[in-house]
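The lines below spell out each chain.
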Amino acid sequence: MNVTVKNEKLNQWIREVADLCQPDDIYICNGSKEEYDFMMEKMIKSGSAVPLKKRPNSFHFRSDPSDVARVEDRTYISTTSQDDAGPTNNWLAPDELKKTMLDFYKGCMKGRTMYVIPFSMGPIGSPISKIGVEISDSPYVVVNMHIMTRVSDKVMGLLDGGADFIPCLHSIGAPLAEGQEDVQWPCAPIENKYISHFPEDNLIWSYGSGYGGNALLGKKCLALRIASAMARREGWMAEHMLILRLTDPEGKQYHIAAAFPSACGKTNLAMMQPSVPGWKCECIGDDIAWMKTGPDGRLYAINPENGFFGVAPGTSYGTNPMAMDSIKENVIFTNCAVTDDSDVWWEGMDGDAPAHAIDWKGNDWTPESGTDAAHPNARFTAPAAQCPVICEDWEKPGGVPIDIFIFGGRRSTLVPLVSEAYNWDHGVFIGATAGSETTAANIGSVGNFRRDPFAMTPFCGYNMGDYFKHWFDMGNKLGDKAPRCFYVNWFRKSEDGKFLWPGFSDNSRVLKWMCERVSGKVGADETPIGLVPKDGDLDTNGLEVSAKDMKEIMSIDTDGWKAEIPDIEQHFAKFGDRLPERLTKQLEEFRKRLG
Ligand code: SAT
Ligand code: MN
């Protein structure tokens, strides 16, 4: 071990894990540039990292084809009573799950180094931040954690001073026997992967996967699943939301937090450059918001992360120029294609496809291959500070005051471009019934409709019925200072299958309407599903959408909505007596409005 650890709980945990996992070596990380360079050097030598000549200090990795996304089927919320995990989570009893996993962990780091990564979620020292320590046998995890979280000596300093931490144990589950040669992306077979959370003791155990949210445990595991359970106990909120600041032409600022499922454009919206003249958008976070009430009774949000783990395919100067400018250097790419001139490429990038590349599986690829050059869930890991429109207050310890909540998902039919909730309770209803067509961010089928309340289905660390109740409790606490709630759908399609709305920078038109609602500048029309823009209030100046398409995007198909009711009833029935009365009441009112 390279450092003496003064925090007794940490010291003891390191010893226990080392005894169990039997690594060859233990290394305590300090987050320095030297450490990052050293790890990359090691991975270049072993052949797992490929340096990219076109992007300074940037590297490409290829994962095992079986290990390309989160594994929701293998993700567990392990509480004493199954009821506390609720109907949306996989559950195993803590004793049983720990016993199974302990068997897997036995000797699992043989032939490898065990890295101890002290990190802060949120600015170091912010009253909203939390400290975690990840133990991992993956050097790829170490370098990604350097970017995605705050790994630093300062965190170790706080720990030395006795600060508490959330233990996050991770192993790729691929020990090496004496003399055994390593593979490029070691991991365990799918049936041996476990992404386990023990919210009753603030503990995370992950085994068998090296990819994204399965392995970078500060992100979905700590900042959402464990944090959501802590937030409920402590009276705050941990949400799957981007955070942005919109400034109107008079200089008035609005802060928006928006919840969409994985791979539905959160990163694009967070960095959007408005097409409406005079409006400015700045990014605070693209995936997670931690929110607490401030001294003035309003809700303040911080981004607990330090980087972006963004979906690469589809990202271009057309769709997200600010992301493209964030990934010019100091970036880790995973599962993209690599071009002959040593750059990355993916489907949807600007310009022509390369005549030849090496695809994400390491095979020769040409446009004629008929396969994806980049995996649909290929990712870039980039420091948030590199985003040209990162807000100057993105690391403000007290956070920014939220004015607007947006919920949504991918719906090719039915759901109009935008609507506003009548009040907080209705807002919780539209959040709780949100649904989306599934994406490649999870291993499983793509394009199936599922209800994904508040985009939290895969990330809520407790019974979602109780989670709905927590939203009502927060509303009681916030009273008339509560953010206003809206629902959007950028993905509605025409009958011939074309997207009706251009999206991206034109989404600013929708955000502008929301701000004008908040400031009382515009009214709204009442419909069964909520309040919608009055004719002429949605700024369509210079927008290239026909009047007919505009009408279709905003149309409300009452019969179609009536047909949703049985599905919403079934969805609510899953929560049994944990479903708050107030949601049942909202469903009743919705039914009445539909007539
Ligand atoms: O792999 S992650 O869970 O971090 C990405 C996502 O699904 O949003
Ligand atoms: Mn996400």
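Residues numbered from 1 in each chain as written. Chains lettered and ligands numbered in written order. Predicted model: local features only at pLDDT ≥ 70, side-chain atom pairs only at ≥ 80, totals over all residues. Heavy atoms only, no water.

A. Quick peek at the overall build of the chain. In terms of helices and strands, the chain carries 16 helices and 31 strands. At 24 Å, the chain has a C-alpha radius of gyration in line with the 25 Å of a compact globule built from 595 residues. The buried share of the chain, reckoned over its 595 residues, is 62%. Summed over all atoms, the accessible surface of the chain reaches about 22,400 Å², with 49% contributed by carbon and sulfur. The average position of the 62 basic charges and that of the 82 acidic charges among the side chains of the chain differ by 3 Å. (Helix = DSSP H or I, 4+ residues; strand = E, 2+ residues; numbered from the N terminus. Rg over C-alpha atoms; globule rule 2.2 N^0.38 Å. Buried < 20%, exposed > 50% of the residue type's maximum accessible area, 1.4 Å probe, protein only. Areas by Shrake-Rupley, 256 points an atom, 1.4 Å probe, with all protein chains shown as cover. Lys, Arg positive; Asp, Glu negative; His and termini not counted. Charge placed at Lys NZ, Arg CZ, Asp CG, Glu CD.)

B. The site of ligand 1, seen in detail. Surveying the vicinity of ligand 1 reveals the residues Arg70, Gly212, Gly213, Lys219, Lys220, Ser262, Phe309, Arg379 and Ala441. Contact distances for ligand 1 include 2.9 Å between an oxygen atom and a side-chain N or O atom of serine 262. In the complex, 97% of the free accessible area of ligand 1, which totals 250 Å², lies under the protein chains. The cavity where ligand 1 resides is the largest pocket. (Near = heavy atom within 4 Å. Polar contact = N/O pair within 3.5 Å; in protein donor to acceptor, adjacent residues only side chain to side chain. 1 Å grid on protein atoms, 1.4 Å probe; cavity = no way out; pocket = protein on both sides within 12 Å on 5 of 7 lines; lining within 4 Å. Sits in = over half its atoms within 2 Å of the grid points.)

C. Representation of the sheet that holds strand E3 (residues 59–61). If you trace the five strands from one edge of the open sheet to the other, you get E2-E3-E18-E23-E17, paired in mixed fashion. At either end of the open sheet lies a strand with only one pairing partner, and these are strand E2 (50–51) and strand E17 (307–311). Of the strand pairs in this sheet, E17 and strand E23 (residues 379–383) are connected by five bridges, and their pairing is antiparallel. Across the sheet, the residue bridging to phenylalanine 309 is threonine 381, located in E23. Taken strand by strand, helix H2 (residues 33–46) contacts E2, E3 and strand E18 (332–334), and its axis lies near 50 degrees from that of E3. (Pairing = 2+ DSSP bridges. Contact = heavy atoms within 4.5 Å. Axes fitted to C-alpha atoms, helices over the stretch in contact; angles between N-to-C directions.)

D. Here's a closer look at the coordination of the manganese ion (ligand 2). Every protein donor of the manganese ion (ligand 2) is listed here as Lys220 (NZ), His240 (NE2) and Asp287 (OD), and their distances to the metal cover 2.0 to 2.2 Å. Taken in sequence order, the residues that donate to the manganese ion (ligand 2) follow the motif K-x19-H-x46-D. Separated by 67 residues along the polypeptide, lysine 220 in helix H8 (residues 218–234) and aspartate 287 in the loop between strand E14 (280–285) and strand E15 (289–293) bring together distant segments of the chain. For lysine 220, a relative accessible area of 6% translates into the label buried. (Donors = N, O, S within 2.8 Å, 3.2 Å for Na, K, Ca; no water.)

E. Representation of the domain arrangement of the chain. According to the domain assignment, the chain consists of domain 1 (8–47 + 71–234), domain 2 (238–306 + 393–594) and domain 3 (308–383). Contacts between domain 2 and domain 3 engage 11 residues on the former and 11 residues on the latter. Taken together, both faces of the contact between domain 2 and domain 3 bury some 980 Å²; the carbon and sulfur share is 66%. Among the residues domain 2 hides against domain 3, the three largest losses belong to Met271, Ala440 and Phe504. Together they make up 42% of the total. At the surface where domain 2 touches domain 3, the tally comes to zero salt bridges. (Domains from an automatic or database assignment. Buried area = accessible area lost by both parts, 1.4 Å probe. Salt bridge = Lys/Arg side-chain N within 4 Å of Asp/Glu carboxyl O.)

F. Here's a closer look at the sheet that holds strand E21 (residues 357–358). Strand order in this open sheet of four strands is E20-E19-E21-E22, and the pairing throughout is antiparallel. The open sheet has two edge strands with one neighbour each: strand E20 (344–345) and strand E22 (364–365). Sheet topology note: the strand E19 (residues 337–339)/E20 ladder contains two bridges and is antiparallel. Its bridge partner being in E20, alanine 337 is matched across the sheet by tryptophan 345.

G. Inspection of the pairing of strand E13 (residues 253–259) at higher detail. Counting buried residues in E13 gives six out of seven residues, a clear majority hidden from the surface. Across seven bridges, strand E12 (residues 241–247) lies against E13 in antiparallel orientation. By the bridge assignment for E13, methionine 241 is matched with alanine 259. Linking E12 to E13, which pair antiparallel, is a turn of five residues; within it glycine 251 sits at a positive phi near 95 degrees. Of the strand pairs in this sheet, E13 and strand E25 (residues 404–408) are connected by four bridges, and their pairing is parallel. In the strand pairing of E25, alanine 258 is matched with isoleucine 406.

H. Inspection of the pairing of strand E9 (residues 194–198) at higher detail. The buried fraction of E9 is high, at five of five residues. Going residue by residue along E9, you find Tyr194, Ser196 and Phe198 tucked away on one face and Ile195 and His197 tucked away on the opposite face as well. Where E9 and strand E10 (residues 203–207) come together, five bridges link them in antiparallel fashion. In the strand pairing of E10, isoleucine 195 is matched with serine 206. Turn length for the E9-E10 hairpin, with the two strands adjacent in sequence and antiparallel, is four residues, and the turn residue asparagine 202 shows positive phi of about 45 degrees.

I. Structural context of empty space enclosed by the protein. One pass over the structure, following the stated rule, counts one cavity of 30 Å³ or more. In this structure, the largest cavity occupies an estimated 200 Å³ of space. Along the walls of the largest cavity sit 18 residues, with Val415, Ile430, Thr433, Tyr487 and Trp561 positioned nearest its centre. When residues of the lining of the largest cavity are traced back to their parent elements, those giving at least two are strand E26 (418–420), helix H11 (424–432) and helix H15 (558–573). (Points joined across faces, edges and corners; volume = space filled by probe spheres on them.)

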